[in-house]
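Chain by chain, the residues:
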Amino acid sequence: MNKPAEPNSFRIGPDDEGMYGIFGGRFVAETLMPLILDLEKHWNEAKDDPAFRAELEHLGRHYTGRPSPLYFAERLTEHLGGAKIYFKREDLNHTGSHKINNCLGQILLAKRMGKTRIIAETGAGQHGVASATVAARFGLPCVVYMGATDVERQKPNVFRMHLLGAEVKPVSSGHGTLKDAMNEALRDWVTNVEDTYYLIGTAAGPHPYPELVRDLQSVIGTEAREQIQELEGRLPDAIVAAVGGGSNAIGLFHPFLDDRQVEIHGVEAGGHGLEGDEHCASMTAGRPGVLHGNRTYLLQNDDGQILDGHSVSAGLDYPGVGPEHSWLKDTGRVIYSPILDDEAIEAFQMTTRLEGIIPALESAHAIAHAIKLAPTMGKDQIMIVNFSGRGDKDVHTVGKMLGMEM
Amino acid sequence: MITRIDRRFARLKEENRPALVTYFMGGDPDYETSLSIMKALPAAGSDVIELGMPFSDPMADGPAIQAAGLRALKGGQTLAKTLQMARDFRRDDDDTPIVMMGYYNPIYIYGVERFLSDAKEAGIDGLIIVDLPPEMDQELCVPAIKAGLNFIRLATPTTDEERLPKVLENTSGFVYYVSMTGVTGSALPDTNNVSAAVSRIKEHTDLPICVGFGVKTARQARAIGEAADGVVVGSAIVAAIAQCYDANGKRIEDPAEAVATLVKGLADGVREARLAAAR
Ligand SMILES: Cc1ncc(COP(=O)(O)O)c(C=O)c1O
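Bear in mind the structure is a predicted one, so any value in this text is a computation, not a measurement.

### Here we look at the site of the ligand
Residue and element names in this part refer to chain A. Not every one of the 18 residues close to the ligand is listed here, only the nearest: Thr202, Gly244, Gly246, Ser247 and Ser388. Measuring from an oxygen atom of the ligand, one finds a side-chain N or O atom of threonine 202 at 2.5 Å. Coverage of the ligand by the protein chains reaches 98% of its 390 Å² of free accessible surface. When the residues that make up the shell around the ligand are grouped by side-chain class, the tally is four nonpolar, twelve polar and two charged. Shared between two domains, the shell around the ligand holds at least three residues of each, these being domain 1 (20-58 + 98-213) and domain 2 (67-96 + 219-401).

### Notes on the interface of chain A and chain B
Opposite the 37 residues of chain A that make contact, chain B presents 35 residues. Applying the counting criterion to the chain A and chain B interface returns three salt bridges. Across the pair glutamate 139 of chain B and arginine 295 of chain A runs a salt bridge, and its minimum N-O distance is 2.5 Å. Seen at the junction of chain A and chain B, the total is 17 residue pairs in polar contact (both at pLDDT 80 or more). When contributions to the side of chain A that touches chain B are tallied by element, the ones reaching two or more residues are strand 2 (23-27), helix 1 (33-47), helix 8 (178-191), strand 11 (287-291) and strand 12 (293-298) of chain A.

### Some words on the pattern of salt bridges
Applying the stated criterion across every chain, the model contains 47 salt bridges over all chains. Close ionic contact of aspartate 259 of chain A with arginine 225 of chain A constitutes a salt bridge, the shortest N to O distance being 2.8 Å. Placement of aspartate 259 of chain A in the loop between helix 11 (247-253) and strand 10 (263-271) and of arginine 225 of chain A in helix 10 (residues 219-232) is noted, with a sequence separation of 34 residues between them. The closest approach of N and O atoms between arginine 71 of chain B and aspartate 28 of chain B, which form a salt bridge, is 2.7 Å. Taken together, the positions of arginine 71 of chain B in helix 3 (residues 63-74) and aspartate 28 of chain B in the loop between strand 1 (19-25) and helix 2 (31-44) put the pair 43 residues apart, joining distant regions of the chain. Connected through shared salt-bridge partners, Arg66, Lys88, Glu90 and Glu223 of chain A make up one network.

### Here's the deal with the sheet that holds strand 6 (residues 142-147) of chain A
Residue and element names in this part refer to chain A. With parallel pairing, four strands are arranged side by side in an open sheet as 7-6-5-8. The outermost strands of the open sheet, each flanked by one partner alone, are strand 7 (167-171) and strand 8 (196-198). The mean angle between the axes of side-by-side strands here comes to 25°, regardless of whether they run parallel or antiparallel. Across five bridges, strand 5 (residues 117-122) lies against strand 6 in parallel orientation. Among the inter-strand pairings, isoleucine 118 is bridged to a residue of strand 6, identified as cysteine 142.

### Describing the domain arrangement of chain A
Residues and elements named next belong to chain A. Parsing chain A into structural domains produces domain 1 (20-58 + 98-213) and domain 2 (67-96 + 219-401). Taken over C-alpha atoms, the centre of domain 1 sits 22 Å from the centre of domain 2. The interface is formed by 42 residues belonging to domain 1 together with 44 residues belonging to domain 2. Roughly 3,300 Å² is buried in total at the junction of domain 1 and domain 2, and carbon and sulfur atoms are behind 59% of that figure. It is Phe23, His98 and Lys179 in domain 1 that bury the most area against domain 2; as a group they hold 23% of the surface buried on that side. Where domain 1 packs against domain 2, one counts two salt bridges. The shortest N-O distance in the salt bridge between lysine 179 and aspartate 308 comes to 3.8 Å. The tally of links from domain 1 across to domain 2 stands at 16 residue pairs in polar contact (both at pLDDT 80 or more).

The rules we used
Residues numbered from 1 in each chain as written. Chains lettered and ligands numbered in written order. Predicted model: local features only at pLDDT ≥ 70, side-chain atom pairs only at ≥ 80, totals over all residues. Heavy atoms only, no water. Near = heavy atom within 4 Å. Polar contact = N/O pair within 3.5 Å; in protein donor to acceptor, adjacent residues only side chain to side chain. Areas by Shrake-Rupley, 256 points an atom, 1.4 Å probe, with all protein chains shown as cover. Nonpolar A, V, L, I, M, F, W, Y, C, P; charged D, E, K, R; others polar. Domains from an automatic or database assignment. Contact = heavy atoms within 4.5 Å. Salt bridge = Lys/Arg side-chain N within 4 Å of Asp/Glu carboxyl O. Helix = DSSP H or I, 4+ residues; strand = E, 2+ residues; numbered from the N terminus. Pairing = 2+ DSSP bridges. Axes fitted to C-alpha atoms, helices over the stretch in contact; angles between N-to-C directions. Buried area = accessible area lost by both parts, 1.4 Å probe.

Next comes the structure, spelled out in structure tokens:
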């Protein structure tokens, strides 16, 4: 892969066609094309509308609980004996993860567009719960597509969605994970174009979704950037986030992209290791291809068929990644590395025991990478880890793996 | 550039009847069976063959075609083998137009230039790529036209007046009007809407207009054929193939025969369409 020329700014993408270099774009069926053009138009109007911004900010403050704290993980830092580790506490948001930031913005947009029905896909169920939550809050019916495998391993979230009044439709094609749920959501959208808003859960899909979701999640990085300067009087040396579709990661990264002194780390699901197919490290082990409306790094075979992948974390169990990450990888601005299932489980336990905070398995991947990095850095150095969600949904999975009586 | 597709529609115009366009999935359930199905199509009355290229994630297809694609992939089908299927077919038939239909990624991975030259050499006449709207024309559409292949575009009920010219701009061969919003194989819309849509598109182009997505019976084919220049049948054919196998995948009927019977009925329906319209 040729390295693209270094841009003057890493924060200007995408172009008018929705491209980040060769990545992104609008690879959708004609039926959906007018819809995503309409979405783009409405988003461009909404994001510059002070009333829209004000409503979003108000909800962020009073409904979500923003700003989320930037917490100094003192005992973890001491234990590792290296860089100071801060957690950006998105787990403390209403509904328990960063997903709500995106959902609130998109439901306001849906309302503005006069849509009356919400559909969403979900992996870990966090996005499904956040979608069901905002649908309840704004009185719209909501259908959530969820892979059958994920319905099994994220049961608590399935119950939450039911309680919130959403309909959860299990999808059994493929491995029954996030990719299959996304296919089914797109099929629903292609069928119900008139009244339906597709509330996509990550910074992927056809333009303008990757940009739209990034903008809504950038509140994470914008806050963190201010908070660290308040607390430490300077920018961090490194920032770290887990990458599933890439929304929490791009949300943290984007405001820091032009701070060249800040090293940026994206963490992919290494599953059982990169030797076989049992992982979801699309950028480390995949190659560019076209799926779900955009060109991006994908796990695929030599015939261009998409592989299913594996991760212990349902939220990272996706064979692709948002297109902006693919571009950031090729430009070299962000370093992407895999973390194995076992390493994530270990980080999950360490964080729980040392800090008294149970992380989502997705976030545990980011923490596991921080655990590797911190000791290689000086004690005067600073690192921010995106604590994207709380781990209540995962206690069954982890308990079972640790052989606990459930 | 005149392709087999252009020649075929010109001839049908002389005969004053619409085309029957038949879709099947290449390699479903295995290469040999699938090739025998393909070879049976022209004699049964198919005027244009749509050769499906299986893809792991067919996001615009309903359950029947999804399942067919998975069966084909399980049977070892690849894009290279689908091209080979066209080559094998062309040994005995240099007349019937073949349009390859599917999703972009397998072509992208095969390599666009290599694919176009192999497709041309294999006797392919046109392409329908579901996830390449006009906004993405530089990817494959423009190179395909340069290579001498028709690029057939889908127009849908969401394609409004303003957008239609853009959709038609680089389209050649024929226009495929998807008669409803939805995935392949869903319910048929009422024919009044279809004829209104066909008239609307005709105002913008002289290309033949074929209509599909949901046509299952000879009677429906006849009704659609009254208004359209061609009727596309896909899911019904794919479902007929599936029904030749029991729950354990054991063959209980000859798929090529089953498809031929179905297609004959559909062809009769299509042939009656203009007579019906005249009455
Ligand atoms: C807590 C949490 N973190 C991270 C992710 C991964 O998604 P993304 O990469 O879009 O942030 C998920 C997805 O479900 C999640 O629930």
